[in-house]
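# Survey of secondary and tertiary structure
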Amino acid sequence: MLEIPVELGPRRYTVSVGHGLSRLLPDLLAGLRGRRILLVSSRRVAALHGRGVERSLRGLGPVHVVLVPDGERFKSRSTLETVYDALLEARLGRDGVVVALGGGVAGDLAGFAAATWMRGVDWVGIPTTLLSMVDSSIGGKVGINHAKAKNMIGAFHQPRAVVIDPSFLATLPVRQLRSGAYEVLKCAILDDRALFASIREAPAGLRGWDRVAMENAIATACRIKAEVVEKDEREGGLRRVLNLGHTIGHALEAVTGYRRFTHGEAVGWGTIGAAFVARRRGLLPEASFDAIASAVDHVGPRPRVSDLKAAKVLEALGRDKKAKAGRVPFVLPAAIGRVEIHDDVTRDEVVRALRVMAGREALLS
(Lines give C-alpha, C1' and ligand atoms only; values in the text may rest on other atoms or scores of the structure.)
Protein backbone atom coordinates (compact mmCIF):
# COMPACT_ATOMS: atom_id res chain seq x y z
CA MET A 1 0.00 0.00 0.00
CA LEU A 2 1.22 3.49 -0.90
CA GLU A 3 0.10 6.39 1.28
CA ILE A 4 0.06 10.06 0.29
CA PRO A 5 -0.73 12.45 3.15
CA VAL A 6 -2.56 15.67 2.35
CA GLU A 7 -1.35 18.00 5.09
CA LEU A 8 -4.09 20.55 5.76
CA GLY A 9 -3.87 20.94 9.53
CA PRO A 10 -7.15 19.85 11.16
CA ARG A 11 -8.45 18.81 7.72
CA ARG A 12 -5.51 16.46 7.12
CA TYR A 13 -6.29 13.14 5.42
CA THR A 14 -4.51 10.27 3.70
CA VAL A 15 -4.83 8.99 0.15
CA SER A 16 -4.23 5.23 0.23
CA VAL A 17 -3.31 3.43 -3.02
CA GLY A 18 -3.16 -0.34 -3.38
CA HIS A 19 -4.78 -3.31 -5.07
CA GLY A 20 -7.51 -4.84 -2.91
CA LEU A 21 -7.86 -1.94 -0.47
CA SER A 22 -11.64 -1.80 -0.94
CA ARG A 23 -11.84 -5.03 1.08
CA LEU A 24 -10.00 -3.39 4.00
CA LEU A 25 -12.31 -0.42 4.63
CA PRO A 26 -13.07 -1.31 8.29
CA ASP A 27 -9.35 -1.04 9.02
CA LEU A 28 -8.58 1.97 6.81
CA LEU A 29 -11.60 3.93 8.11
CA ALA A 30 -11.54 2.69 11.70
CA GLY A 31 -11.93 6.26 12.99
CA LEU A 32 -15.43 6.35 11.47
CA ARG A 33 -16.67 3.18 13.13
CA GLY A 34 -20.22 3.32 14.45
CA ARG A 35 -21.37 6.06 12.08
CA ARG A 36 -24.45 5.86 9.84
CA ILE A 37 -23.30 5.73 6.18
CA LEU A 38 -24.90 6.78 2.89
CA LEU A 39 -23.17 5.12 -0.06
CA VAL A 40 -23.58 7.14 -3.27
CA SER A 41 -22.86 5.33 -6.53
CA SER A 42 -24.20 4.76 -10.04
CA ARG A 43 -26.09 1.73 -11.28
CA ARG A 44 -23.21 0.68 -13.51
CA VAL A 45 -20.56 0.93 -10.79
CA ALA A 46 -22.83 -0.62 -8.17
CA ALA A 47 -23.43 -3.62 -10.41
CA LEU A 48 -19.68 -4.17 -10.69
CA HIS A 49 -18.38 -3.22 -7.27
CA GLY A 50 -21.24 -2.12 -5.03
CA ARG A 51 -21.95 -5.38 -3.25
CA GLY A 52 -18.33 -5.90 -2.16
CA VAL A 53 -17.86 -2.30 -1.03
CA GLU A 54 -21.18 -2.26 0.82
CA ARG A 55 -20.24 -5.48 2.62
CA SER A 56 -16.90 -3.97 3.61
CA LEU A 57 -18.53 -0.75 4.83
CA ARG A 58 -20.97 -2.71 7.00
CA GLY A 59 -17.95 -3.51 9.14
CA LEU A 60 -18.14 0.15 10.22
CA GLY A 61 -21.86 0.74 10.67
CA PRO A 62 -25.31 0.70 9.01
CA VAL A 63 -25.20 1.43 5.27
CA HIS A 64 -27.88 2.98 3.06
CA VAL A 65 -27.41 3.16 -0.72
CA VAL A 66 -28.52 5.69 -3.34
CA LEU A 67 -27.81 5.27 -7.05
CA VAL A 68 -27.43 8.22 -9.43
CA PRO A 69 -27.23 8.30 -13.25
CA ASP A 70 -23.92 8.06 -15.09
CA GLY A 71 -22.63 10.98 -17.13
CA GLU A 72 -21.42 14.55 -16.67
CA ARG A 73 -24.78 16.00 -17.70
CA PHE A 74 -26.32 14.38 -14.62
CA LYS A 75 -24.04 16.30 -12.26
CA SER A 76 -27.00 18.59 -11.80
CA ARG A 77 -29.41 20.10 -9.31
CA SER A 78 -32.04 17.47 -10.00
CA THR A 79 -29.61 14.62 -9.24
CA LEU A 80 -28.42 16.45 -6.14
CA GLU A 81 -32.03 16.51 -4.91
CA THR A 82 -32.09 12.72 -5.27
CA VAL A 83 -29.09 12.48 -2.94
CA TYR A 84 -30.68 14.89 -0.45
CA ASP A 85 -33.84 12.76 -0.44
CA ALA A 86 -31.72 9.69 0.30
CA LEU A 87 -29.92 11.50 3.13
CA LEU A 88 -33.26 12.36 4.67
CA GLU A 89 -34.62 8.84 4.26
CA ALA A 90 -31.42 7.38 5.79
CA ARG A 91 -31.81 9.78 8.74
CA LEU A 92 -28.19 10.82 8.36
CA GLY A 93 -27.31 13.25 11.12
CA ARG A 94 -24.25 15.43 11.61
CA ASP A 95 -22.30 12.39 12.79
CA GLY A 96 -23.08 10.53 9.54
CA VAL A 97 -20.72 9.80 6.67
CA VAL A 98 -21.29 10.07 2.92
CA VAL A 99 -19.21 7.63 0.86
CA ALA A 100 -18.73 8.23 -2.87
CA LEU A 101 -18.15 5.09 -4.95
CA GLY A 102 -17.60 5.84 -8.62
CA GLY A 103 -16.07 8.37 -10.95
CA GLY A 104 -15.92 12.14 -10.78
CA VAL A 105 -19.67 12.65 -11.14
CA ALA A 106 -20.48 10.50 -8.11
CA GLY A 107 -17.61 12.01 -6.14
CA ASP A 108 -18.48 15.63 -6.89
CA LEU A 109 -22.18 15.06 -6.20
CA ALA A 110 -21.63 13.12 -2.99
CA GLY A 111 -19.01 15.55 -1.76
CA PHE A 112 -21.23 18.57 -2.45
CA ALA A 113 -24.19 16.88 -0.78
CA ALA A 114 -21.96 16.22 2.25
CA ALA A 115 -20.74 19.84 2.26
CA THR A 116 -24.28 21.21 2.32
CA TRP A 117 -26.23 18.62 4.32
CA MET A 118 -26.78 20.00 7.82
CA ARG A 119 -24.07 22.56 6.96
CA GLY A 120 -21.46 19.88 6.48
CA VAL A 121 -20.94 16.18 7.26
CA ASP A 122 -17.94 13.92 6.70
CA TRP A 123 -17.36 12.15 3.42
CA VAL A 124 -14.98 9.54 2.00
CA GLY A 125 -13.96 9.02 -1.62
CA ILE A 126 -13.58 5.58 -3.19
CA PRO A 127 -12.87 6.44 -6.84
CA THR A 128 -13.35 3.71 -9.44
CA THR A 129 -12.03 5.45 -12.58
CA LEU A 130 -8.46 6.47 -13.30
CA LEU A 131 -9.63 10.04 -13.88
CA SER A 132 -11.26 10.34 -10.47
CA MET A 133 -8.35 8.56 -8.76
CA VAL A 134 -5.81 11.15 -9.88
CA ASP A 135 -8.02 14.22 -10.13
CA SER A 136 -11.40 14.88 -8.54
CA SER A 137 -11.02 12.67 -5.46
CA ILE A 138 -8.19 14.83 -4.07
CA GLY A 139 -8.40 18.45 -3.02
CA GLY A 140 -11.92 18.88 -1.70
CA LYS A 141 -13.42 20.67 -4.73
CA VAL A 142 -16.99 19.40 -4.90
CA GLY A 143 -20.00 20.64 -6.80
CA ILE A 144 -22.39 20.39 -9.72
CA ASN A 145 -22.67 21.90 -13.18
CA HIS A 146 -24.84 24.75 -14.37
CA ALA A 147 -26.44 23.94 -17.71
CA LYS A 148 -24.17 26.49 -19.42
CA ALA A 149 -21.00 26.25 -17.33
CA LYS A 150 -19.13 23.36 -15.77
CA ASN A 151 -18.59 23.16 -11.99
CA MET A 152 -20.09 26.62 -11.44
CA ILE A 153 -21.95 25.60 -8.27
CA GLY A 154 -19.75 24.14 -5.56
CA ALA A 155 -17.72 24.29 -2.38
CA PHE A 156 -14.42 23.31 -0.83
CA HIS A 157 -15.05 20.34 1.47
CA GLN A 158 -12.13 18.01 2.13
CA PRO A 159 -12.79 14.27 2.47
CA ARG A 160 -11.90 12.38 5.62
CA ALA A 161 -10.04 9.80 3.51
CA VAL A 162 -9.53 8.65 -0.07
CA VAL A 163 -9.16 4.94 -0.78
CA ILE A 164 -7.83 4.07 -4.25
CA ASP A 165 -8.07 0.44 -5.34
CA PRO A 166 -6.54 0.11 -8.82
CA SER A 167 -8.10 -3.35 -9.21
CA PHE A 168 -11.32 -1.48 -10.13
CA LEU A 169 -9.60 -0.44 -13.38
CA ALA A 170 -9.83 -4.00 -14.72
CA THR A 171 -13.54 -3.39 -15.45
CA LEU A 172 -13.06 0.13 -16.81
CA PRO A 173 -13.84 0.61 -20.53
CA VAL A 174 -10.73 1.52 -22.53
CA ARG A 175 -12.12 4.97 -23.38
CA GLN A 176 -12.49 5.77 -19.68
CA LEU A 177 -8.99 4.49 -18.95
CA ARG A 178 -7.65 6.84 -21.62
CA SER A 179 -9.69 9.66 -20.13
CA GLY A 180 -7.80 9.28 -16.88
CA ALA A 181 -4.48 8.94 -18.66
CA TYR A 182 -4.81 12.51 -19.99
CA GLU A 183 -4.98 13.76 -16.39
CA VAL A 184 -1.96 11.66 -15.41
CA LEU A 185 -0.14 13.22 -18.35
CA LYS A 186 -1.20 16.68 -17.18
CA CYS A 187 0.41 16.03 -13.80
CA ALA A 188 3.57 14.83 -15.53
CA ILE A 189 3.79 18.05 -17.59
CA LEU A 190 3.34 20.05 -14.41
CA ASP A 191 6.05 18.52 -12.31
CA ASP A 192 7.51 15.12 -13.22
CA ARG A 193 9.63 14.42 -16.29
CA ALA A 194 10.07 10.78 -15.25
CA LEU A 195 6.30 10.27 -15.18
CA PHE A 196 6.07 11.98 -18.58
CA ALA A 197 8.63 9.54 -20.01
CA SER A 198 6.82 6.61 -18.41
CA ILE A 199 3.53 7.52 -20.08
CA ARG A 200 5.17 7.96 -23.48
CA GLU A 201 6.68 4.48 -23.15
CA ALA A 202 3.47 2.86 -21.89
CA PRO A 203 1.00 1.00 -24.10
CA ALA A 204 -1.39 3.41 -25.81
CA GLY A 205 -4.23 4.28 -23.45
CA LEU A 206 -2.37 2.49 -20.64
CA ARG A 207 -4.30 -0.70 -21.44
CA GLY A 208 -2.13 -3.64 -20.38
CA TRP A 209 0.30 -1.39 -18.52
CA ASP A 210 2.28 -3.17 -15.83
CA ARG A 211 0.39 -3.29 -12.52
CA VAL A 212 3.24 -1.85 -10.47
CA ALA A 213 3.88 0.90 -13.05
CA MET A 214 0.20 1.81 -13.01
CA GLU A 215 0.09 1.93 -9.21
CA ASN A 216 3.21 4.10 -9.10
CA ALA A 217 1.83 6.44 -11.78
CA ILE A 218 -1.40 6.89 -9.80
CA ALA A 219 0.51 7.55 -6.57
CA THR A 220 2.87 10.01 -8.29
CA ALA A 221 -0.02 11.96 -9.85
CA CYS A 222 -1.77 12.02 -6.45
CA ARG A 223 1.42 13.26 -4.78
CA ILE A 224 1.77 16.09 -7.29
CA LYS A 225 -1.81 17.21 -6.75
CA ALA A 226 -1.57 16.83 -2.96
CA GLU A 227 1.54 19.02 -2.80
CA VAL A 228 -0.22 21.77 -4.74
CA VAL A 229 -3.37 21.54 -2.61
CA GLU A 230 -1.33 21.73 0.59
CA LYS A 231 0.13 25.07 -0.51
CA ASP A 232 -3.12 26.52 -1.87
CA GLU A 233 -6.20 24.74 -0.59
CA ARG A 234 -8.77 27.23 -1.88
CA GLU A 235 -7.25 28.07 -5.27
CA GLY A 236 -5.98 31.52 -4.38
CA GLY A 237 -2.97 31.26 -6.66
CA LEU A 238 -0.71 28.22 -7.10
CA ARG A 239 -3.54 25.69 -7.31
CA ARG A 240 -4.56 27.21 -10.62
CA VAL A 241 -1.67 25.29 -12.25
CA LEU A 242 -3.84 22.18 -11.96
CA ASN A 243 -6.04 23.70 -14.67
CA LEU A 244 -3.54 22.99 -17.43
CA GLY A 245 -5.67 21.98 -20.41
CA HIS A 246 -8.90 22.67 -18.54
CA THR A 247 -9.67 26.19 -19.76
CA ILE A 248 -10.27 25.17 -23.36
CA GLY A 249 -11.28 21.69 -22.21
CA HIS A 250 -14.18 22.90 -20.08
CA ALA A 251 -15.36 25.10 -22.94
CA LEU A 252 -15.37 22.11 -25.30
CA GLU A 253 -17.45 20.15 -22.81
CA ALA A 254 -19.92 23.00 -22.34
CA VAL A 255 -20.53 23.72 -26.05
CA THR A 256 -21.23 20.02 -26.70
CA GLY A 257 -23.62 19.66 -23.76
CA TYR A 258 -21.24 17.36 -21.85
CA ARG A 259 -22.14 14.59 -24.30
CA ARG A 260 -19.34 14.38 -26.87
CA PHE A 261 -16.15 14.34 -24.80
CA THR A 262 -15.14 12.62 -21.64
CA HIS A 263 -13.53 15.12 -19.28
CA GLY A 264 -10.09 13.67 -19.96
CA GLU A 265 -10.53 13.86 -23.74
CA ALA A 266 -11.45 17.52 -23.48
CA VAL A 267 -8.42 18.15 -21.25
CA GLY A 268 -6.24 16.34 -23.77
CA TRP A 269 -7.37 18.70 -26.52
CA GLY A 270 -7.04 21.65 -24.17
CA THR A 271 -3.48 20.66 -23.30
CA ILE A 272 -2.51 20.72 -26.97
CA GLY A 273 -4.21 24.10 -27.32
CA ALA A 274 -2.38 25.56 -24.32
CA ALA A 275 0.94 24.14 -25.53
CA PHE A 276 0.40 25.75 -28.94
CA VAL A 277 -0.29 29.16 -27.39
CA ALA A 278 2.90 28.76 -25.33
CA ARG A 279 4.91 27.76 -28.40
CA ARG A 280 3.61 30.67 -30.45
CA ARG A 281 4.51 33.08 -27.63
CA GLY A 282 8.04 31.70 -27.50
CA LEU A 283 7.56 30.24 -24.00
CA LEU A 284 7.77 26.61 -25.09
CA PRO A 285 10.45 25.25 -27.45
CA GLU A 286 9.24 23.61 -30.65
CA ALA A 287 10.64 20.21 -29.58
CA SER A 288 8.78 20.37 -26.27
CA PHE A 289 5.51 21.25 -28.02
CA ASP A 290 5.96 18.26 -30.32
CA ALA A 291 6.69 16.02 -27.33
CA ILE A 292 3.58 17.19 -25.47
CA ALA A 293 1.28 16.95 -28.49
CA SER A 294 2.57 13.50 -29.46
CA ALA A 295 2.23 12.29 -25.85
CA VAL A 296 -1.41 13.44 -25.80
CA ASP A 297 -2.02 11.67 -29.12
CA HIS A 298 -0.26 8.54 -27.81
CA VAL A 299 -2.83 8.21 -25.04
CA GLY A 300 -5.51 7.64 -27.64
CA PRO A 301 -8.06 9.03 -30.11
CA ARG A 302 -10.45 11.82 -29.14
CA PRO A 303 -13.75 13.04 -30.61
CA ARG A 304 -13.35 15.71 -33.27
CA VAL A 305 -13.25 19.44 -32.65
CA SER A 306 -13.16 20.64 -36.26
CA ASP A 307 -16.95 21.09 -36.51
CA LEU A 308 -17.20 23.32 -33.42
CA LYS A 309 -17.71 27.01 -34.06
CA ALA A 310 -14.92 29.13 -32.58
CA ALA A 311 -17.43 31.80 -31.52
CA LYS A 312 -19.29 29.27 -29.36
CA VAL A 313 -16.07 28.07 -27.74
CA LEU A 314 -15.03 31.66 -27.01
CA GLU A 315 -18.46 32.37 -25.52
CA ALA A 316 -18.08 29.36 -23.21
CA LEU A 317 -14.57 30.52 -22.26
CA GLY A 318 -16.05 33.82 -21.14
CA ARG A 319 -18.20 31.96 -18.61
CA ASP A 320 -15.20 30.23 -17.03
CA LYS A 321 -15.60 30.42 -13.25
CA LYS A 322 -11.95 31.49 -12.87
CA ALA A 323 -12.41 34.62 -14.96
CA LYS A 324 -11.58 37.90 -13.20
CA ALA A 325 -12.24 41.37 -14.61
CA GLY A 326 -13.19 39.75 -17.90
CA ARG A 327 -9.87 37.89 -18.20
CA VAL A 328 -9.58 34.11 -18.17
CA PRO A 329 -6.27 32.78 -16.79
CA PHE A 330 -4.50 30.20 -18.94
CA VAL A 331 -1.94 27.70 -17.67
CA LEU A 332 0.80 27.53 -20.30
CA PRO A 333 3.63 24.98 -20.29
CA ALA A 334 7.11 26.56 -20.43
CA ALA A 335 8.86 23.17 -20.36
CA ILE A 336 8.03 19.59 -19.49
CA GLY A 337 7.95 19.97 -15.73
CA ARG A 338 7.21 23.71 -15.55
CA VAL A 339 4.16 25.88 -16.27
CA GLU A 340 3.24 29.56 -16.06
CA ILE A 341 -0.10 31.33 -15.57
CA HIS A 342 -1.04 34.08 -18.04
CA ASP A 343 -4.22 36.16 -18.02
CA ASP A 344 -3.62 37.95 -21.32
CA VAL A 345 -4.35 35.17 -23.83
CA THR A 346 -6.29 36.75 -26.68
CA ARG A 347 -9.30 35.55 -28.62
CA ASP A 348 -7.12 35.33 -31.73
CA GLU A 349 -4.66 33.03 -29.94
CA VAL A 350 -7.50 30.74 -28.90
CA VAL A 351 -8.90 30.64 -32.44
CA ARG A 352 -5.46 29.75 -33.82
CA ALA A 353 -5.12 27.02 -31.18
CA LEU A 354 -8.51 25.56 -32.18
CA ARG A 355 -7.33 25.40 -35.80
CA VAL A 356 -4.17 23.54 -34.79
CA MET A 357 -6.22 21.14 -32.67
CA ALA A 358 -8.55 20.46 -35.60
CA GLY A 359 -5.54 19.87 -37.84
CA ARG A 360 -4.33 17.03 -35.61
CA GLU A 361 -7.53 15.00 -36.09
CA ALA A 362 -6.06 13.23 -39.12
CA LEU A 363 -3.23 11.91 -36.93
CA LEU A 364 -5.73 10.12 -34.70
CA SER A 365 -7.75 8.32 -37.37
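Up top is the structure.
Presented here is an overview of the structure given in this document. Computed from a predicted structure; not experimentally measured.

The rules we used
Residues numbered from 1 in each chain as written. Predicted model: local features only at pLDDT ≥ 70, side-chain atom pairs only at ≥ 80, totals over all residues. Heavy atoms only, no water. Helix = DSSP H or I, 4+ residues; strand = E, 2+ residues; numbered from the N terminus. Rg over C-alpha atoms; globule rule 2.2 N^0.38 Å. Buried < 20%, exposed > 50% of the residue type's maximum accessible area, 1.4 Å probe, protein only. Contact = heavy atoms within 4.5 Å. Areas by Shrake-Rupley, 256 points an atom, 1.4 Å probe, with all protein chains shown as cover. Lys, Arg positive; Asp, Glu negative; His and termini not counted. Charge placed at Lys NZ, Arg CZ, Asp CG, Glu CD. Phe/Tyr/Trp six-rings, centres within 6.5 Å; stacked < 30°, edge-to-face > 60°. Lys NZ or Arg CZ within 6 Å of the ring centre and 35° of its normal. Axes fitted to C-alpha atoms, helices over the stretch in contact; angles between N-to-C directions. Parallel < 35°, antiparallel > 145°, perpendicular 65-115°, else oblique. Left-handed = near helix turned anticlockwise from the far one by under 90°. Core = buried A, V, L, I, M, F, W, Y, C linked by side-chain atoms within 4.5 Å. Expected span 1.5 Å × (residues − 1). Polar contact = N/O pair within 3.5 Å; in protein donor to acceptor, adjacent residues only side chain to side chain. Salt bridge = Lys/Arg side-chain N within 4 Å of Asp/Glu carboxyl O. Pairing = 2+ DSSP bridges.

As a further point, take the overall build of the protein. Check the secondary structure of the protein and you find 14 helices and 11 strands. At 20 Å, the protein has a C-alpha radius of gyration in line with the 21 Å of a compact globule built from 365 residues. A principal-axis box enclosing the C-alpha atoms of the protein has dimensions of 60 × 40 × 40 Å. Across the 365 residues that make up the protein, the buried fraction comes to 59%. The long-range fraction of contacts in the protein, counting pairs at least 24 apart against all pairs at least 6 apart in sequence, stands at 78%. Of the roughly 14900 Å² that the protein leaves accessible, carbon and sulfur atoms contribute 49%. Where the 53 positive side-chain charges of the protein centre and where its 39 negative ones centre are 4 Å apart.

Moving on, we get to the packing of aromatic side chains. Aromatic rings considered in pairs are described by the distance between their centres and by the relative angle of their planes. Going through the model one piece at a time under the given rule, you end up with 2 aromatic pairs. With 6.2 Å between their ring centres and 25 degrees between their planes, Y84 and W117 make a pair best called stacked. Of the two residues, Y84 sits in helix α3 (residues 77-89) while W117 sits in the loop between α4 (104-116) and β6 (122-127), which places them 33 residues apart along the sequence. Side by side, Y84 and W117 carry an identical accessibility label, which is buried. Centroid distance F276 to F289: 6.5 Å. Interplanar angle 70 degrees. Geometry classified as edge-to-face. Residue F276 is located in helix α10 (residues 263-280), and its partner F289 is located in helix α11 (residues 286-299); the two are separated by 13 residues in the primary sequence. Classification of F289 by relative accessible area gives buried; the value is 3%. Against the face of F289 rests R279, its NZ or CZ located 4.5 Å from the ring centre. Taking NZ or CZ as reference, R302 lies 4.1 Å from the ring centre of W269, over its face.

Here we take up the packing of α3 against α4. For any two helices packed against each other, the geometry comes down to the angle between their axes and how far apart the axes lie. Interhelical geometry of α3 versus α4 gives an angle of 55 degrees and a closest axis separation of 10 Å. Relative to α4, α3 is oriented oblique. Relative to α4, α3 is oriented so that their crossing is right-handed. Contacts between α3 and α4 involve T79, L80, V83, Y84 and L87 from the former and L109, F112, A113 and T116 from the latter.

To continue, consider the nonpolar core. If you look at the biggest cluster of nonpolar residues, it comprises 101 residues, and the most contacted ones within it are V15, L29, L57, L130, F196 and I218. Counting residues per element, this core draws most heavily on helix α8 (residues 211-231), which supplies 10 residues. With residues up to four places along the chain from it excluded, the contact list for I218 reads V17, L130, M133, V134, I164, P166 and L169. Counting residues in hydrophobic clusters, the runner-up holds 24 residues, among them L38, L87, V121 and W123.

Along its 13 residues, α4 runs 18 Å from first to last C-alpha, staying within 8% of the 18 Å computed at 1.5 Å per residue. With 11 of its 13 residues buried, α4 lies for the most part within the structure. Listed in full, the buried residues belonging to α4 are V105, A106, G107, D108, L109, A110, G111, F112, A113, A114 and A115.

Here we come to α8. Under the 1.5 Å per step criterion, the end-to-end length of α8 is 31 Å for 21 residues, consistent within 8% with the ideal 30 Å. For α8, the N-terminal capping position is held by D210, with its side-chain oxygen 3.0 Å away from the main-chain nitrogen of V212.

This brings us to the pattern of salt bridges. The full count for this structure, using the stated rule, is 24 salt bridges. Within the structure, one salt-bridge network assembled from shared partners comprises R35, D122 and R160.

Turning next to the environment of V350. As for its position among the elements, V350 is in helix α13 (residues 347-359). Beyond its immediate chain neighbours, meaning those up to four positions away, V350 contacts L314, L317, F330 and V345.

Here R360 is to be found in the loop between α13 and α14 (361-364). Taking the relative accessible area as the measure of exposure, R360 reaches 16% and is therefore buried. For R360, the side chain forms a polar contact with the side chain of D297, separated by 2.6 Å. Sequence-distant contacts of R360, defined by excluding residues within four places in its chain, comprise W269, I272, A293, S294 and D297.

So, about the sheet that holds strand β3 (residues 37-42). One open sheet holds the 7 strands; their spatial order is β1-β2-β9-β6-β5-β3-β4, and the pairing between them is mixed. Strand pairing shows two members of the sheet lacking a second neighbour, β1 (2-6) and β4 (63-68), which therefore form its edges. The sheet shows a mean angle of 15 degrees between the axes of neighbouring strands, taken without regard to direction. Judged from the 6 bridges that link them, β3 and β4 form a sheet pairing that is parallel. Across the sheet, V40 pairs through a bridge with V66, a residue of β4.

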